Amino acid sequence: MRERLNRRISAPGDAQVFLDLPELGVIPLDETAVPRQLSNGLHPKSPAPALRAWKSDGPELATWKRKPSMVAECARTTLTSILLPTEDGNGPQVIVITSPCPGDGKTTVACNLSIAVAEIGRKVLLIEGDLRRPRLNTVFGVGNNWGLSDVLRADDPLEEVSVAKLVRETEVSGLYLLPGGSCGVTPSNLFYSPRMAALLKRLRAEFDMILMDAPPMIHLADARVLGHLSDGVVLVIRSGQTTTESALSVCQRFAEDGTRVLGTILNSWDPKTAGGYGYGGYANYHASASK
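Residues numbered from 1 in each chain as written. Predicted model: local features only at pLDDT ≥ 70, side-chain atom pairs only at ≥ 80, totals over all residues. Heavy atoms only, no water.

### Comments concerning the overall build of the chain
Then step 1. Helix and strand counts for the chain come out as 15 helices and eight strands.
Then step 2. Within the chain, residue pairs in contact and separated by at least 24 positions form 81% of the contacts whose partners lie at least 6 positions apart. (Helix = DSSP H or I, 4+ residues; strand = E, 2+ residues; numbered from the N terminus. Contact = heavy atoms within 4.5 Å.)

### A word on the side chain of T264
Then step 1. Within the fold, T264 resides in strand β8 (residues 261-269).
Then step 2. On the accessibility criterion, T264 (1% relative accessible area) is buried.
Then step 3. Those residues within four positions of T264 in sequence are excluded, and the remaining contacts are A15, L19, L21, P22, E23, L24, G25, L235 and I237. (Buried < 20%, exposed > 50% of the residue type's maximum accessible area, 1.4 Å probe, protein only.)

### Topic: the pattern of salt bridges
Then step 1. On inspection of all chains with the given rule, the structure shows 14 salt bridges.
Then step 2. Its salt-bridge partner being D156, residue R195 comes within 3.5 Å of it at the nearest N-O pair. Here the residue R195 occupies a position in helix α12 (residues 194-204), and D156 occupies one in the loop between α9 (148-153) and α10 (163-166), the gap between them amounting to 39 residues.
Then step 3. R195 sits in the buried class, given a relative accessible area of 15%.
Then step 4. Between R224 and D257 there is a salt bridge, with the nearest N and O atoms lying 2.8 Å from each other. In this pair, R224 is assigned in helix α13 (residues 222-228) and D257 in helix α14 (residues 244-257), connecting sequence segments 33 residues apart. (Salt bridge = Lys/Arg side-chain N within 4 Å of Asp/Glu carboxyl O.)

### So, the pairing of strand β5 (residues 175-178)
Then step 1. Across four bridges, the pairing between strand β3 (residues 124-128) and β5 is parallel. Residue pairing across strands places I127 opposite L178, the latter belonging to β5.
Then step 2. Bridging between strand β4 (residues 168-169) and β5 involves two bridges; their strand directions are antiparallel. When the bridges of β5 are listed, R168 appears paired with L177.
Then step 3. Between β4 and β5, which pair antiparallel in sequence order, lie five residues; one of them, G174, sits at a positive phi of approximately 90 degrees. (Pairing = 2+ DSSP bridges.)

### Topic: the packing of aromatic side chains
Then step 1. Considering all chains together, one arrives at one aromatic pair under this definition.
Then step 2. Note on Y176 and F207: the rings are 5.6 Å apart at their centroids and 65 degrees apart in plane angle, and the pair reads as edge-to-face. Taken together, the positions of Y176 in strand β5 and F207 in the loop between α12 and β6 (209-213) put the pair 31 residues apart, joining distant regions of the chain.
Then step 3. Positioned over the ring face of Y176 is K123, at 5.4 Å from the centre of the ring.
Then step 4. Residue placement shows K123 over the ring face of F207; its charged tip is 5.0 Å from the ring centre. (Phe/Tyr/Trp six-rings, centres within 6.5 Å; stacked < 30°, edge-to-face > 60°. Lys NZ or Arg CZ within 6 Å of the ring centre and 35° of its normal.)

### Some thoughts on α12
Then step 1. Of all the positions in α12, only R195, M196, L199, L200, R202 and L203 are classed as buried. Considered in projection along α12, the buried side chains sweep an arc of 160 degrees and stay on one side of the axis. Exposed residues lying more than 90 degrees from the buried face of α12 are P194 and K201. (Arc of directions from axis to C-beta.)

Spelled out as structure tokens, the structure:
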């Protein structure tokens, strides 16, 4: 009875069954970020030290800061699924990453995937598409006084603007960031602008891959607008939290828009519940390797 009443996607393979979409990867629950921050003796109301600890040990940068971890390895495996060429022989270049609801971990997934792309020697750009609640500038420790919203509201021709003025380098070699900027209008209005399409065309010529961290789909049209300008959308699903109804609703909207959904990523899955999946040995290996 409990299994029938539980309408949440919890285990690897669930999304593929319910949504009829490829499962691109599974990102395990990151249990190290919060304990590390607490063990440093940082007070939660102390913003500057907490920011330094979050930037250093947060789950968003696990693929960079904790290379032997399960989170990092699973992010790289997920990237392999995304990079595999399609029937026409080409892989997607511009990808929108979104989720059904807030708190599903789309930003964490977007950051780790972009780091994994940079690790294989490709030039990657991560774009802050969530202009209402921008976080990428905090994660990578850059300012947000100028960014995507400012580029879209400017009048100068994009062809005449150098890439160095459009994006910012991060500490991760090969990874560049376009933060949200000082948005003062409705984000979806900016995305509808022809300048957004022109900007992506300009950036396609400069980067091997572009990942856009879009807002959650619930009540917002931003991800749908951005998805229409991309080569495909990746849907992040949080294990034990995302319901089948919300995920199906998102997929239906993208289908109505004619937007291709590349697949799903199951985020924050607890390997301890793996049963026969056999992740236990890998967890022990990564735990010993990180010491």
